[in-house]
Amino acid sequence: MRELLIEVAGKYDQKRGTGAGVAGQRVLRGVEGRTDLFLPDRYFAKGYGGQGTASTCPWIGVFDPDVNTDPKEGLYLAYIFSADLSAVTLTLQQGVTKLEDRFPRRRDFLAHLENRAAELLDSLPLRLIQGWTERPSFGTGDRPKAYEAANVVGRRYPIAGLPGESDLRDDLSHAASLLQRAAAAEKLWWHEARTDLPAVEFEPGKHADAGTLDGFHPKSSRDYIANIAAKQQVKRRDHERLIADFGPHAASRGYVPITDRVHPKDLILHRGGEAREEGPEWLVEAKVVKTGNPTTAVREAVGQLKEYSYFLYQKRDQPAPYLIGLFTEDIGVYSTYLEDQGIASIWKSGGGWSGSRMAATWNMTD
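Criteria and cut-off values
- Residues numbered from 1 in each chain as written.
- Predicted model: local features only at pLDDT ≥ 70, side-chain atom pairs only at ≥ 80, totals over all residues.
- Heavy atoms only, no water.
- Buried < 20%, exposed > 50% of the residue type's maximum accessible area, 1.4 Å probe, protein only.
- Helix = DSSP H or I, 4+ residues; strand = E, 2+ residues; numbered from the N terminus.
- Pairing = 2+ DSSP bridges.
- Right-handed = clockwise from strand over helix to strand, strands pointing away.
- Expected span 1.5 Å × (residues − 1).
- Contact = heavy atoms within 4.5 Å.
- Salt bridge = Lys/Arg side-chain N within 4 Å of Asp/Glu carboxyl O.
- Axes fitted to C-alpha atoms, helices over the stretch in contact; angles between N-to-C directions.
- Core = buried A, V, L, I, M, F, W, Y, C linked by side-chain atoms within 4.5 Å.

Looking at the pairing of strand β10 (residues 282-287)
In terms of residue burial, β10 counts as a mostly covered element, since 6 of its 6 residues are buried. The side-chain alternation of β10 yields two buried faces, one formed by W282, V284 and A286 and the other by L283, E285 and K287. Relative to strand β11 (residues 322-327), β10 runs parallel, the two being bridged by 6 bridges. Across the sheet, the residue bridging to V284 is I324, located in β11. Taken together, β10, helix α9 (residues 295-313) and β11 form a β-α-β motif whose crossover is right-handed.

Observations concerning helix α8 (residues 238-252)
Between its terminal C-alpha atoms α8 stretches 22 Å, which fits the 21 Å expected from 15 residues at 1.5 Å a residue. Residues E240, L242, I243, F246, G247, H249, A250 and A251 constitute the buried set of α8. The elements touched by buried residues of α8 are β8 (255-258), β9 (267-271), β10, β11, β12 (343-349) and β13 (352-355). Phi for G254, located one or two positions after α8, is positive at around 95°.

A word on the pattern of salt bridges
Oppositely charged side chains can form a pair if their charged atoms are brought close together. Using the criterion set out here, one finds 20 salt bridges in the structure. Here E148 ties to K145 by a salt bridge, and the two come within 3.4 Å at their closest N and O atoms. With E148 and K145 both in helix α6 (residues 142-150) and 3 residues apart, the pair spans about one turn of that helix. Taking relative accessible area as the criterion, E148 reaches 5% and is therefore assigned buried. Judged by relative accessible area, which is 36%, K145 ranks as partly exposed. When the shortest N-O distance is used, the salt bridge between R169 and E165 registers 3.4 Å. With R169 and E165 both in helix α7 (residues 165-189), this residue pair falls 4 residues apart, about one helical turn. On the accessibility criterion, R169 (23% relative accessible area) is partly exposed. Residue E165 is classed as partly exposed on the basis of its relative accessible area of 23%. If you follow the salt bridges from partner to partner, you end up with R42, D64 and D66 in one network.

Some words on the environment of A160
Relative to the assigned elements, A160 resides in the loop between β5 (151-158) and α7. C-alpha of A160 to C-alpha of A87: the two residues are 73 residues apart in sequence and 8.0 Å apart in space.

Details of the sheet that holds strand β3 (residues 75-81)
On the basis of which strands lie adjacent, the open sheet formed by 5 strands has the order β1-β2-β3-β4-β5 and antiparallel pairing. Of all the strands in the sheet, just β1 (44-48) and β5 have a single pairing partner and so form its edges. On average, each strand axis in the sheet is inclined to that of its neighbour by 20°, with strand direction left out of account. One ladder, built from 5 bridges, connects β1 with strand β2 (residues 59-63); its direction is antiparallel. Counted as the bridge partner of Y48 is W59 from β2. Strands β2, β3 and β4 (87-94) of the sheet are contacted by helix α1 (residues 2-11), whose axis makes an angle of about 55° with β3.

Some details on the nonpolar core
Ranked by internal contacts, the top residues of the largest apolar core, which has 43 residues, are L5, I60, L77, Y79 and L92. If you tally residues by element for this core, the top one is α7, at 9 residues. Residues within four places of L77 in sequence aside, it is in contact with Y43, I60, G61, V62, T91, L92, L172, A175, A176 and L179. Counting 20 residues, the second largest nonpolar core, distinct from the first, contains V289, A297, V302 and I331.

Functional significance is not addressed by these values, which are geometric in nature.
Structure follows, in structure tokens:
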């Protein structure tokens with residue numbers, strides 16, 4: 001990434017336009033195909049230098065497909081260069097293009113961006129944003145000022161004093177975690193009300209059709225190598241593996257597992273043969289039990305299930321979901337505790353799945 005940022009700063013020239021033969025534009029267009037940028041897992045990057053008219057501030061977007069892939073709206077990360085190319089800022093940005101037409105007055109548009117940025121900033125823990133709260137300065141003009149107003153957090157780097165590659169990777173990894181937190185807050189706050197709570201009855205033995213897994217695409221469960229501070233660590237994906245294993249099992253019991261476009265939820269289930277908008281919904285939170293001690297996993301599951309149930313369902317006037325804690329191993333006495341909280345529990349057991357009384361009632365255990 002360091003080499004790329006230096007190359008863009010050295011070759012980009014707004015006066016030369018956006019033609020295919022322009023060196024700076026060629027560098028930016030090549031970003032999407034590069035495999036040497038060491039981005040966070042699943043993320044992809046794309047360079048932007050304008051269409052038709054060259055941008056005042058060239059930039060490189062870094063996107064998490066689970067959060068957003070469109071820089072015109074939503075949240076994403078970006079390396080935005082100042083107009084004079086003397087500095088670049090790694091920023092957590094709000095998309096601005098699709099918002100502009102909603103505000104006849106420019107000052108109202110900028111104020112809206114700044115207010116949303118302030119609300120998102122307030123959702124982030126103070127300990128994680130130290131050194132990231134200085135407002136960026138990109139230059140004069142409408143678009144640079146919009147980028148400044150849309151900034152949630154950012155870190156500015158002078159090109160002449162650009163940090164080393166390992167420091168840039170650490171900062172990008174940190175920014176990715178801030179993006180995840182801000183995206184979760186955005187989903188909790190800005191929503192549209194839907195339907196009232198209907199009466200729900202469960203019909204055992206009702207199985208799904210052949211399209212059951214169409215919306216089930218869990219993240220890769222393969223272990224991967226992470227380069228951290230000039231050393232390599234093997235990162236395990238037990239969480240993703242747990243979801244990937246449980247989805248087909250749920251489908252075999254007549255449920256439709258869905259992971260697509262449900263972030264920040266891990267997994268939701270619907271009964272086969274019922275429209276998603278009409279039938280009951282099961283909200284599943286997956287947790288890895290570490291070193292044989294389920295205490296932390298159970299606490300985290302309870303917190304997230306209750307939080308999501310309140311913000312993503314109750315506050316949106318949506319039907320309350322059935323709650324399930326999904327674990328990598330037996331959680332012992334905590335199973336009864338969870339049932340008292342209205343939460344079913346399911347865990348891997350040998351080659352199958354065991355669980356609490358509610359889970360068995362729903363035909364989700366072996």
